[in-house]
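# A closer look at the structure
Now for the letters of each chain:
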Amino acid sequence: MKNNLSLHTITQIAVFIVLSFSFYLLFAGHSNPGGGFIGALMTASAIVLLYISFDLKTIKKVLPFYYPYFISTGLLIAMGTGVSSTLFGYPFLTQFFEYVNLPILGETELTTALVFDIGVFLVVIGVALLIITTIAEDED
Amino acid sequence: MSALHIAIIVPFLFALIVPLLYNKIPKIHTGWFVLILPTILFAYLISFIPTLSAGEVVVRKLTWVPSLGINFDIRLDGLSLLFGLLITGIGALVVLYSIFYLTKKGEALHNFYFYLLMFMGAMLGVVLSGNLMVMYVFWELTSLSSSLLIGYWHHREKSRYGAQKSMLITVTGGFAMLAGFALLYVMTGTFTITEIIAQADVVAASNLFIPAMLLILLGAFTKSAQFPFHIWLPDAMEAPTPVSAYLHSATMVKMGIYLVARLSPVFSGAPEWFWIVSGVGLLTLLWGSFNAVRQTDLKSILAYSTISQLGMLMSMLGVGSAAAYYGYEAGYTAATVAAIFHLINHSTFKGSLFMVAGIVDHETGTRDIRKLGGLMTFMPITFTLSIIGAFSMAGIYPFNGFLSKEMFLATMLNATEIADFNMQTFGILFPVIAWVASVFTFIYCMVLVFKTFTGKYQPEKLEKKPHEAPIGMLIPPIILASLVVLFGLFPNILSHSIIEPAVQAIYPASLTGVEHFDIHISAWHGIDYAPLHMTIGIIVVGLLLYLTLPKWQKIYQYLRLHQKDPVNYAYDYLLEKLVVVAAKITNIQITGLLRDYFVYMYVFLLGLTFYTMYRFNAFAIDTINVAPIPLYVWFVVAVVTAAVIVVPFINNKVVAIISVGFVGFLVSLFYVLFRAPDLALTQLLVETVTTALFLLCFYHLPELRKEKSKPTFKWVNVIISVGVGALVTVMALSALSFGNKKPFESISQYYIDNAHDLGGGDNIVNVILVDFRGLDTMLEILVLGIAALGVVTLIKLRMSGKEDV
């Protein structure tokens, strides 16, 4: 599939659309369909699309990420939100939310659940891509 | 949390600091820092003596898991104080000794003191906790840390063998004990020891009395190295000598004694308890002392002697339990007093003897009595110490062992007068076994001293030129030996402060009605005193037998005892069989074929679910409340079914994967039809990613051979898969009908009502995931992360050659 011009072209455009949509899903997830898990899978599938149409070395140059860090960072964020509520005397993993007025966005809901969801998001991306790239890179 | 709680936790915290101290301050032996802790704790516990000897009991409560009745309660009474003092007091001496025994160079001191402190904390936890479950946790922690200490020189194969053995035996007993505790909970509804004791009559009347008793005794007997579980103790001598002195003579092995004493109020008075505890105790006493004589290694002699002394303590507690049967008459409680007194004495003389053995080993390079001899002139202080320790153990005046040995003989003579428990028939065995065992005890004590320190000096067989030990190694045994003499000359020093509260703890006033025990130990009872005659007999016969030892020692070869303890054969055989059987089961279970695993899982699922539904009569299918199915749903169902049926007939792998993916995408269509957009999205994306993953996998996999298997085998598969499919269908249908019949309140309503107000989100699925059930999600992503690491290790760290896993 290395020299498939139409696939390359479509991939380049589609990946952007898919990625933007996946971020939308992540942030909208609290009140609309979406969320960390779904958003992460969407992101992962976009990157998988890249891997399928281009070869591995090229992608590694473009996206020089070490996926295990995604997993550990995500876990730390998720657990951190859980622990932080205990610092204020609330039970572990108590979530809070507040409505605030932000300059451009207007009235926005800020919630610790979103932070937790970002943790989930990172872990799921890390896991999906780690598994896929490890299998794909396996030479034996 | 009280100061007593902190006293238990401090050793664990200190254990964490030890490695830092070891690394940061390498010039000073790490032991010096560690020494501070048991010294302070000892002083702290001493401060409770006035309170306790006034008859009070210190109780500190800390709720932990109140819903299960598990609380970190502390109960400091006479018995726990006695053990606490032994743990911290002997602990301090042992740490001091270890500073000189273990050199700074080449020893992993941070590991050693880490384990030792962990052990110390765990021991304090066992004796101070007033809740059986908490006690169990600490109990197992002592098994764990002692096994680590035994295996401290882990490069030696024997150390590892000994560590494994002690672990296997004591942990197995611990599990049995846990079951026993659970049975006690079933009977009484509490894990708090005092509340269980208060319901002793309920326990005694229960059907579960005997099972609970046997299970708990199993725990006590394995820990206290009672026959036939004693075999781990000699092998545990591979540990460094300070550890042997601490764990295997003074503290841990007495845990079983502690447990029996602690639960005596619950179980004593029953003939089974009386016979098992005193019978096993006497058997252990005899077997241990008989086998100690044939040993040639100093520490092995001491190991068997500890076994026999523990048996002796156990038998005294057994006889003492008769007191409960006879309304707590002083004649019977005397056995328990003797046990407590001997427990203290044993810790002093055996602790010093172990240290003496360590000194001999340290300064000559060997512990083999065939190589030793004539060390008296080189090590006069050590020689004196060994005489004090060994003569006390042999029961010779004026040392403390003489007093407790006489009390022991007296209780065994008293036991013959018990009118019940079939004692008219078998009672005579008690003093006879006690006397014979004491003769052997006398012999090995003499061997211990005279074979090492007198006789011919053989410098050519020794690794080092012997000389007296450094002062730091001598101070701890000197202290212990002074106590031996002190308690021997003034036996009542401890009567009021330590022994009386301890006996009071074993015979609580709530059961006995005795508010205060008045204990007086005297050395002289007049010339007509029967135990005195027995003692004289022991010394005379023992001396004769010791002098003629080479002549009758052949008896051990004749009895085939000259190599290793016969029980060891059983242990080794069982261990070997365990490995073989485990390998067989593994081979059946883990075939490496995914197909087999699916067969196991599905057969299990079918069996379990079918039985459960049958048992609760859950096959309730009615079609009254089924919603009408629109035509387009039928259409999608037909397409899905067709796609499923096609899959097995496709030969091309890629096409097969895509058609399986097709099924998945169609399922997400169902979610859309039934208005579950979140699920639909998830299903769609999971399907996309897994299809990509599958394609990748198959792209890299080699072309597989055509599968050839017998048709009959395939039929089994067909039956299983059809069965599973049918079962799931029936389950779904009957769940629907069942729900209609017994209208439980739907849990979804709660989330619908509260998602916005409590969680601040309108997407209920998401609010449930991140808020209401956030812990689930957190652990799920944790599992996901672990699974990813698993995949990576499987692929990246694959064995390169043709090694067999």
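Residues numbered from 1 in each chain as written. Chains lettered and ligands numbered in written order. Predicted model: local features only at pLDDT ≥ 70, side-chain atom pairs only at ≥ 80, totals over all residues. Heavy atoms only, no water.

Turning to the pattern of salt bridges, a few remarks are in order. Oppositely charged side chains are able to pair whenever their charged atoms sit close together. All names here are of chain B. Per the counting criterion, the structure on display carries 8 salt bridges over all chains. A salt bridge links D361 to R367, with the shortest nitrogen-to-oxygen separation between them at 3.4 Å. You'll find D361 and R367 in the same group, each marked buried. The partner of D776 in a salt bridge is R773, with the nearest N and O atoms 2.9 Å apart. On the basis of relative accessible area, R773 is assigned to the partly exposed category, the value being 41%. A network of salt bridges, in which partner residues are shared, links R75, D77 and R262. (Salt bridge = Lys/Arg side-chain N within 4 Å of Asp/Glu carboxyl O. Buried < 20%, exposed > 50% of the residue type's maximum accessible area, 1.4 Å probe, protein only.)

What follows deals with the interface of chain A and chain B. In this assembly, 42 residues from chain A lie in contact with 40 residues from chain B. A combined buried area of about 3,500 Å² lies between chain A and chain B, and 76% of that area is made up of carbon and sulfur atoms. Linking chain A with chain B are 0 salt bridges, by the criterion used here. Our enumeration of links across chain A and chain B arrives at 7 residue pairs in polar contact (both at pLDDT 80 or more). (Contact = heavy atoms within 4.5 Å. Buried area = accessible area lost by both parts, 1.4 Å probe. Polar contact = N/O pair within 3.5 Å; in protein donor to acceptor, adjacent residues only side chain to side chain.)

With that settled, consider the layout of surface pockets. Residues and elements named next belong to chain B. Taken as a whole, the second largest pocket encloses approximately 1,100 Å³ of empty space. For the second largest pocket, the lining is made up of 41 residues, of which K158, E238, D297, S300 and R367 are closest to its centre. Of all the secondary-structure elements, those providing two or more residues to the lining of the second largest pocket are α7 (157–188), α11 (232–235), α15 (298–320), α17 (330–364), α27 (554–558) and α28 (566–589). Of the residues that constitute the lining of the second largest pocket, the class distribution is 10 nonpolar, 12 polar and 19 charged. (1 Å grid on protein atoms, 1.4 Å probe; cavity = no way out; pocket = protein on both sides within 12 Å on 5 of 7 lines; lining within 4 Å. Points joined across faces, edges and corners; volume = space filled by probe spheres on them. Helix = DSSP H or I, 4+ residues; strand = E, 2+ residues; numbered from the N terminus. Nonpolar A, V, L, I, M, F, W, Y, C, P; charged D, E, K, R; others polar.)

A separate point is the packing of aromatic side chains. To describe a pair of aromatic rings, you give the distance between the ring centres and the angle between the ring planes. Residues and elements named next belong to chain B. What the rule picks out here adds up to 35 aromatic pairs over all chains. On the numbers, 6.0 Å between centres and 45° between planes, the contact of F72 with F138 is tilted. Placement of F72 in the loop between β3 (70–71) and β4 (74–76) and of F138 in helix α6 (residues 132–150) is noted, with a sequence separation of 66 residues between them. Classification of F72 as buried rests on a relative accessible area of 12%. Take F138: its relative accessible area is 10%, and that puts it in the buried class. Centroid distance Y750 to Y751: 5.5 Å. Interplanar angle 75°. Geometry classified as edge-to-face. An aromatic cluster is built from F112, Y113, Y152 and W153, whose rings are joined through pairwise contacts. (Phe/Tyr/Trp six-rings, centres within 6.5 Å; stacked < 30°, edge-to-face > 60°.)

Residues and elements named next belong to chain B. Running from amino to carboxyl end, helix α13 (residues 255–267) crosses α15 at an angle of 5°, the nearest separation of the two axes being 10 Å. Taken together, the axes of α13 and α15 are roughly parallel relative to one another. From α13, G256, I257, V260 and A261 reach across to α15, where they touch L310, L313, M314 and L317. (Axes fitted to C-alpha atoms, helices over the stretch in contact; angles between N-to-C directions. Parallel < 35°, antiparallel > 145°, perpendicular 65-115°, else oblique.)

A surface patch of nonpolar side chains, amounting to about 810 Å² of accessible area, comprises V83, L87, F88, Y90, F92 and F96 of chain A together with L775 and L779 of chain B. Of all elements in the fold, only α4 (67–87) of chain A together with α36 (774–796) of chain B reach the threshold of two or more residues within the nonpolar patch. Take L775 of chain B: it is sitting in helix α36. (Patch = residues over 30% accessible without salt bridge, like charges linked within 9 Å, V, L, I, M, F, W, Y side chains within 5 Å. Areas by Shrake-Rupley, 256 points an atom, 1.4 Å probe, with all protein chains shown as cover.)

Below, the discussion takes up the packing of α17 of chain B against helix α19 (residues 400–415) of chain B. Residues and elements named next belong to chain B. Across the interface, α17 lies against α19 with an axial gap of 9 Å and an inter-helix angle of 150°. Between α17 and α19, the crossing angle belongs to the class labelled roughly antiparallel. Here α17 runs over α19; the crossing is left-handed. For the pair α17 and α19, contact is made by G331, A334, A335, V337, A338, F341, H342, N345, T348 and F349 and by N400, G401, L403, S404, M407, F408, T411 and N414, respectively. Residue composition of the contact of α17 with α19, by class: 9 nonpolar, 9 polar and no charged. (Left-handed = near helix turned anticlockwise from the far one by under 90°.)

Residue and element names in this part refer to chain B. One pass over the full model with this rule turns up 4 cavities of 30 Å³ or more. Put simply, the largest cavity is a space of about 70 Å³. If you go around the largest cavity, the residues you meet are L298, L302, L353, V356, A357, V360, S386, L448, T452 and F453. If one sorts the elements of the lining of the largest cavity by residue count, α17 sits on top with 4 residues. Here the residues of the lining of the largest cavity sort into 8 nonpolar, 2 polar and no charged. Considering the residues around the second largest cavity, the lining is formed by L403, E406, M407, I521, S522, H525 and Y529. Across the lining of the second largest cavity, the residue classes tally to 4 nonpolar, 2 polar and 1 charged.

Another aspect to go through is helix α18 (residues 380–394) of chain B. All names here are of chain B. Taking 1.5 Å per residue, 15 residues should reach 21 Å; α18 reaches 21 Å between its end C-alpha atoms and fits that length. Of all 15 residues making up α18, 11 are buried, and the element is well covered by its neighbours. The secondary structure elements touched by the buried residues of α18 are α15, α17, α19, α21 (429–453) and α22 (471–489). One or two positions beyond α18, positive phi appears at G395, with a value near 90°. (Expected span 1.5 Å × (residues − 1).)

Time to look at the pairing of strand β1 (residues 97–102) of chain A. Where β1 of chain A meets strand β2 (residues 106–111) of chain A, 6 bridges bridge the pair, whose relative direction is antiparallel. The residue of β2 of chain A that forms the bridge with Y99 of chain A is E109 of chain A. (Pairing = 2+ DSSP bridges.)

For the rest of this paragraph, the subject is unusual backbone geometry. Residue and element names in this part refer to chain B. With an omega of 0°, the peptide bond running from F227 to P228 counts as cis. Residue P398 follows Y397 across a cis peptide bond; omega there is 5°. As for its placement among the helices and strands, P398 is situated in the loop between α18 and α19. The backbone phi angle of A225 is positive, close to 55°, even though this residue is not glycine. Relative to the elements of secondary structure, A225 occurs in the loop between α10 (209–223) and α11. With relative accessibility at 0%, the residue A225 sits in the buried group. A positive phi angle, close to 60°, is found at R675, a residue other than glycine. A residue is classified by how much of its surface remains accessible, and R675, at 75% relative accessible area, is exposed.

With that out of the way, let us pick up the environment of G78 of chain B. Residue and element names in this part refer to chain B. Structurally, G78 is set in helix α4 (residues 78–101). Note: C-alpha distance between G78 and A505 (427 residues apart in sequence) is 5.7 Å. In contact with G78, other than residues within four places in its own chain, are L52, P501, A502 and A505.

What follows covers the nonpolar core. Residues F181, F267 and I499 of chain B are the most contacted members of the largest nonpolar core, which totals 213 residues. Among the elements that line this core, the one with the most residues is α17 of chain B, at 17 residues. Apart from the residues lying within four places of it in its own chain, the contact partners of F181 of chain B are L132, M133, M135, Y136, F191, I216, L259 and L263 of chain B. If you look at the next biggest cluster of nonpolar residues, it comprises 48 residues, including A40, A113 and V120 of chain A together with A788 of chain B. (Core = buried A, V, L, I, M, F, W, Y, C linked by side-chain atoms within 4.5 Å.)

A few words now on the side chain of T348 of chain B. Residue and element names in this part refer to chain B. Inspection of the secondary structure assignment puts T348 in helix α17. At a separation of 2.5 Å, a polar atom in the side chain of T348 contacts the main-chain carbonyl oxygen of N345. Discounting residues that sit within four places of it in the chain, T348 has contacts with N400, L480, L483, V484 and F487.

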